[in-house]
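Results of the structural survey
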Amino acid sequence: MLPDMQDETPETLDDEAPEAIHVPDHGEAMRVAEALLFASAAPLSAEELGGRLPEGADVERILQDLTELYAPRGVNLVRVAGKWTFRTASDLSFVLARDVVEQRKLSRAAMETLAIIAYHQPVTRAEIEEIRGVATSKGTIDTLLETGWIRLRGRRKAPGRPVTYGTTPAFLEHFGLDAIEDLPGLEELKGAGFIEGRVPSDFSVPIPSDADILREDEDPLEDDLLQPLDMHQTEAGEE
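Residues numbered from 1 in each chain as written. Predicted model: local features only at pLDDT ≥ 70, side-chain atom pairs only at ≥ 80, totals over all residues. Heavy atoms only, no water.

Per an unreviewed UniProt entry, the protein is named SMC-Scp complex subunit ScpB, and its organism is Microvirga splendida.

Here it is in C-alpha cells:
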C-alpha cells in the first residue's frame, strides 16, 4: 500500500511585496518649480510649491539647486518673508532704474516712524513720539498703513487702550528681508554710516520681533471691527 501523499501547494507570502516607491525625475521637478515661481505674481512658500510638484519631489533640494543655478544670472531666486521668488540681481538694478515706476517717496518723519515700528513693535503712537522726541501726526501713520508695510496689531492694556502697530509681510518683501530678524544690528548700522561718533555704553539696538501672537500687555482688536472711525484713536486728546 502506497503511503499517503500530501498535496503539495506552492508557498505563498502572507504579505504582498511592497510597491516600489516612485521617485520623480529631479530635473523635471525643477522645471515645474521654475515655471511655478516665474508665473506666480507673489512669492511662494515651500509648502505651496510642494503641493503642486510631483509627489515625492524633494522641495528643499529643488530650491537649493535653483538658487545655485540662478546665482550668477541676471535674475536670482531669493527667499523673502519666508517665501521664494525671482528677483533682479542686485548688481543689475541700475540697468532697470529707468523702467521702474517711481513711487511716492516717504517723508523723513514717515521713514523714522517706520524704522521705530520695525525695531520696537508692538509700539503705540505715544511710544513712537517718545523715541523720536517730536509729535507724530495721524497722517504719517495713515501713509504707512496705505503702503501696507505696517498694520494694527491690538490695543495696549493701559489707560486709553492705545493701538499697537507692527510690520507686515509686505514690509519684508519690499525691503528684501526673509525675516524681521534680518534687520541690521548696531554694528551693521555703524558700518553703513547710519550711526557716527562715539556710542554711549548703554546704547543698544533692540532685537525686533513681528510674531502674530499678541503679548501679555496687548488686547485683541476684535471689539473694534465695528468701529472703524476709532482705529487711529490711540490716546485721548491726540487729535
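**Notes on the pattern of salt bridges**
Scanning the model with the defined rule gives 13 salt bridges in all. Put simply, Arg156 and Asp217 hold a salt bridge, and the shortest N to O gap is 3.0 Å. Separated by 61 residues along the polypeptide, Arg156 in strand E4 (residues 150-156) and Asp217 in the loop between helix H8 (186-191) and strand E6 (218-219) bring together distant segments of the chain. Judged by its relative accessible area of 32%, Asp217 falls in the partly exposed class. (Salt bridge = Lys/Arg side-chain N within 4 Å of Asp/Glu carboxyl O. Helix = DSSP H or I, 4+ residues; strand = E, 2+ residues; numbered from the N terminus. Buried < 20%, exposed > 50% of the residue type's maximum accessible area, 1.4 Å probe, protein only.)

**Quick word on the environment of Thr85**
Following the sequence through the fold, Thr85 ends up in strand E2 (residues 83-88). Between the C-alpha atoms of Thr85 and Leu36, which are 49 residues apart in sequence, the distance is 9.8 Å. Not counting residues within four places of it along the chain, the set of residues in contact with Thr85 comprises Pro43, Asn76, Leu77, Val78 and Val80. (Contact = heavy atoms within 4.5 Å.)

**Describing the packing of aromatic side chains**
Applying the stated criterion across every chain, the model contains five aromatic pairs. Seen from their ring centres, Phe38 and Tyr70 are 6.2 Å apart, and the 65 degrees between their planes marks the pair as edge-to-face. Highlighted residues: Phe38 in helix H1 (residues 26-39) and Tyr70 in helix H3 (residues 59-70), separated in sequence by 32 residues. Consider the rings of Phe171 and Phe175, whose centres lie 4.9 Å apart with planes at 50 degrees: the pair is tilted. Joined through ring pairs, the aromatic side chains of Phe38, Tyr70 and Phe86 make up one cluster. Lying across the ring of Tyr70, Arg73 places its NZ or CZ 4.9 Å from the centre. (Phe/Tyr/Trp six-rings, centres within 6.5 Å; stacked < 30°, edge-to-face > 60°. Lys NZ or Arg CZ within 6 Å of the ring centre and 35° of its normal.)

**Focus: the pairing of E2**
Of the strand pairs in this sheet, strand E1 (residues 75-80) and E2 are connected by six bridges, and their pairing is antiparallel. Its bridge partner being in E2, Val80 is matched across the sheet by Lys83. (Pairing = 2+ DSSP bridges.)

**Re the sheet that holds E6**
Spatially, the four strands line up as an open sheet ordered E3-E5-E4-E6, and their pairing is antiparallel. Pairing within the sheet leaves two strands with one partner each, and these edge strands are strand E3 (123-124) and E6. Summarising the sheet, E3 and strand E5 (residues 163-167) pair through two bridges and their orientation is antiparallel. In the sheet register, Val123 faces E5, and the bridge partner there is Tyr165. Here helix H6 (residues 138-147) sits on the sheet in contact with E4 and E5, set at roughly 125 degrees to E4. (Axes fitted to C-alpha atoms, helices over the stretch in contact; angles between N-to-C directions.)

**So, the nonpolar core**
Counting residues in each nonpolar core, the largest one holds 22 residues, and the members touching the most others are Leu114, Ile117, Leu144, Ile150, Tyr165, Phe171 and Leu183. Within the residue set of this core, elements represented by two or more residues are helix H4 (108-120), H6, E4, E5 and helix H7 (169-174). Excluding residues that lie within four positions of it along the chain, Phe171 makes contacts with Leu114, Ala118, Trp149, Leu177, Ile180 and Leu183. Residues Ala29, Leu37, Val59 and Leu63 belong to the second largest nonpolar core, which totals 18 residues. (Core = buried A, V, L, I, M, F, W, Y, C linked by side-chain atoms within 4.5 Å.)

**Regarding the packing of H1 against H3**
Two numbers describe how H1 lies on H3: the axes approach to 10 Å, and their chain directions differ by 70 degrees. As judged from the angle between their axes, H1 and H3 are roughly perpendicular. Listed contacts from H3 to His26, Ala29, Met30, Ala33, Glu34, Leu37 and Phe38 of H1 are Arg61, Ile62, Leu63, Asp65, Leu66, Leu69 and Tyr70. Residue composition of the contact of H1 with H3, grouped by class: 10 nonpolar, one polar and three charged. (Parallel < 35°, antiparallel > 145°, perpendicular 65-115°, else oblique. Nonpolar A, V, L, I, M, F, W, Y, C, P; charged D, E, K, R; others polar.)

**Considering the confidence of the model for the protein**
Within the protein, residue pLDDT values average 79, and 72% of them lie at 70 or more. In the predicted structure, residues 228-239 sits below a pLDDT of 50 and forms 27 contacts with residues beyond four places in sequence or in another chain. (pLDDT = per-residue confidence, 0-100.)

**Some thoughts on a negative patch on the surface**
Together, Glu47, Glu48, Asp58 and Glu60 give the surface a local cluster of negative charge. As for its position among the elements, Glu47 is in helix H2 (residues 46-50). (Patch = residues over 30% accessible without salt bridge, like charges linked within 9 Å, V, L, I, M, F, W, Y side chains within 5 Å. Areas by Shrake-Rupley, 256 points an atom, 1.4 Å probe, with all protein chains shown as cover. Lys, Arg positive; Asp, Glu negative; His and termini not counted. Charge placed at Lys NZ, Arg CZ, Asp CG, Glu CD.)

**Quick word on H1**
The end-to-end C-alpha separation of H1 is 20 Å, in line with the 20 Å expected for 14 residues at 1.5 Å each. Buried positions along H1 lie against H2, H3, E1 and E2. Taking the backbone nitrogen of Gly27 as reference, a side-chain oxygen 3.3 Å away marks Asp25 as the first, capping residue of H1. (Expected span 1.5 Å × (residues − 1). Polar contact = N/O pair within 3.5 Å; in protein donor to acceptor, adjacent residues only side chain to side chain.)

**Section: unusual backbone geometry**
The peptide bond linking Gln121 to Pro122 adopts the cis configuration, its omega dihedral lying at -5 degrees. Among the structural elements, Pro122 can be located in the loop between H4 and E3. Not every positive phi belongs to a glycine, and Arg161 is a case in point at roughly 45 degrees. Inspection of the secondary structure assignment puts Arg161 in the loop between E4 and E5.

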